[in-house]
Amino acid sequence: VITAEDISLSGAEHVTDVLRGIGGVQISDLYGDGTDASVGIRGFTETAQENTLIMIDGRRLNNADLGLPDMNSIDIRNIKQIEIIKGSAGTLYGDKAVGGVINIITQKPESFVINGSVEYGSYDRKTIYGSIENRHDNGISYQVSALRRLSDNYRDNNGLRLTDISARAGYEFNTGQVFVEYQNLNEDSRLPGALFADLVAADRKQSLNPDDYSSTDTEIVRAGIRKQIFTPLEFQAEFTRRDSNTTGQLSSGGFPSAFTQDRLHTEITPRLIGSFDIPTGQMLVTLGADLFKTDYRIKSD
């Protein structure tokens, strides 16, 4: 378990930076800013997106297809703790949990708090962040945050422009809770491209493709309910809709090629959970379904 204090003391800017120092966890990060990063456990680095399950508050971040989960959509300032399970957990968590599971638990509002920060770092990195949250005595809570990050990064044509706006509202009552979340993420990345060994030796910062880029707009809506039907039995259900649209340009052999990539992912996860006392201890019974649907379209030369 990685706590919020551990994250704060690490000075990490991204979730991938936090995970990079954990034994048995391998990070493959193409650009060094969290973009298109894969997280592997138990050696499943090349096929990490198929064998490492990434979750936020129990919600899957993985796509139903082979697309990488968007690690930049996770606000590191809002993490309460990160739980890491190394080893196959497919029996409990289903698809994509062969190598292990990483569950990121976010902070929930407890009182009226306003946060704000302005940061400046190397490679002209600038970050502006603000949030407001509150929890009322009647059970109603809300949380709104906005993040803007600009960075030139290490290499030529390697800049990042990131805007992240998110909001959450919830209501807790005697026998359960309901909530709804919304997140809008805009990520513009310049793509420096790969270099052969001789080019790295000459100038490891150079880019052979000065016009390559990728621009992604992502909109996420999530809603859920938890309701205790009677003492040992509880009903849970969540709905998630993640719409991601990307435009960009990639060069091959010096020839630029434009592309578009659209992914619409929806999921519904209803379940009944019962906890029953038996002579040898406690029995936990779960009856439910994970229903996923992904429409994916790519257009390129």
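One structure accompanies this document, and this report is about it. (Residues numbered from 1 in each chain as written. Predicted model: local features only at pLDDT ≥ 70, side-chain atom pairs only at ≥ 80, totals over all residues. Heavy atoms only, no water.)

The next subject is the overall build of the protein chain. Secondary structure assignment for the protein chain yields 5 helices and 18 strands. Relative to the compact-globule value of 19 Å for 301 residues, the protein chain shows a C-alpha radius of gyration of 21 Å, a close match. For the C-alpha atoms alone, the extent of the protein chain along its principal axes is close to 70 × 40 × 35 Å. Taken across its 301 residues, the protein chain has 40% of its residues classed as buried. Taken as a whole, the protein chain presents about 16,200 Å² of accessible surface, with 54% of it coming from carbon and sulfur. Averaging the locations of the 30 positively and 42 negatively charged side chains of the protein chain gives two centres separated by 2 Å. (Helix = DSSP H or I, 4+ residues; strand = E, 2+ residues; numbered from the N terminus. Rg over C-alpha atoms; globule rule 2.2 N^0.38 Å. Buried < 20%, exposed > 50% of the residue type's maximum accessible area, 1.4 Å probe, protein only. Areas by Shrake-Rupley, 256 points an atom, 1.4 Å probe, with all protein chains shown as cover. Lys, Arg positive; Asp, Glu negative; His and termini not counted. Charge placed at Lys NZ, Arg CZ, Asp CG, Glu CD.)

With that settled, consider the pattern of salt bridges. What the rule picks out here adds up to 13 salt bridges. For the salt bridge of Glu119 with Arg77, the shortest nitrogen-to-oxygen distance reads 3.1 Å. One end of the pair, Glu119, is in strand S8 (residues 113-121); the other, Arg77, is in the loop between strand S5 (59-60) and strand S6 (79-86), with 42 residues separating them in the sequence. Using a relative accessible area of 27% as the deciding quantity, one classes Glu119 as partly exposed. (Salt bridge = Lys/Arg side-chain N within 4 Å of Asp/Glu carboxyl O.)

With that settled, the discussion passes to the nonpolar core. Core analysis: the largest hydrophobic core is formed by 20 residues, its most contacted members being Leu19 and Ile82. Of all the secondary-structure elements, those providing two or more residues to this core are helix H2 (15-20), strand S2 (25-29), strand S3 (37-41), strand S4 (52-56), S6 and strand S7 (100-106). Per-element accounting of this core gives the leading share, 3 residues, to H2. (Core = buried A, V, L, I, M, F, W, Y, C linked by side-chain atoms within 4.5 Å.)

Now for the sheet that holds S4. In spatial order, the strands read S1-S6-S7-S4-S5; together these 5 strands make up an open sheet with mixed pairing. Sheet topology places strand S1 (2-3) and S5 at the edges, where each strand pairs with a single neighbour. Sheet analysis places S4 next to S5, joined by 2 bridges and oriented antiparallel. The residue of S5 that forms the bridge with Ile56 is Arg59. (Pairing = 2+ DSSP bridges.)

Moving on to the packing of aromatic side chains. Within the structure shown, the criterion is met by 2 aromatic pairs. Pairing Tyr123 with Tyr154 gives two aromatic rings, centres 5.9 Å apart and planes at 90°, and the pair type is edge-to-face. Here Tyr123 is found in the loop between S8 and strand S9 (125-135), whereas its partner Tyr154 is found in the loop between strand S10 (140-151) and strand S11 (160-173), with 31 residues between them in sequence. Residue classification places Tyr154 among the partly exposed positions, given a relative accessible area of 35%. The side chain of Arg77 reaches across the aromatic face of Tyr129, ending 4.9 Å from its centre. Directly above the ring of Phe179 sits Arg168, whose terminal nitrogen or CZ lies 4.6 Å from the centroid. (Phe/Tyr/Trp six-rings, centres within 6.5 Å; stacked < 30°, edge-to-face > 60°. Lys NZ or Arg CZ within 6 Å of the ring centre and 35° of its normal.)

This part takes up the pairing of strand S16 (residues 271-278). Examined bridge by bridge, strand S14 (residues 233-252) and S16 share 4 bridges and lie antiparallel to one another. By the bridge assignment, Gln236 is partnered in S16 with Arg271. Judged from the 8 bridges that link them, S16 and strand S17 (residues 281-288) form a sheet pairing that is antiparallel. Bridge pairing links Leu272 to Leu287 in S17. Between S16 and S17, which pair antiparallel and follow one another directly, the connecting turn spans 2 residues.

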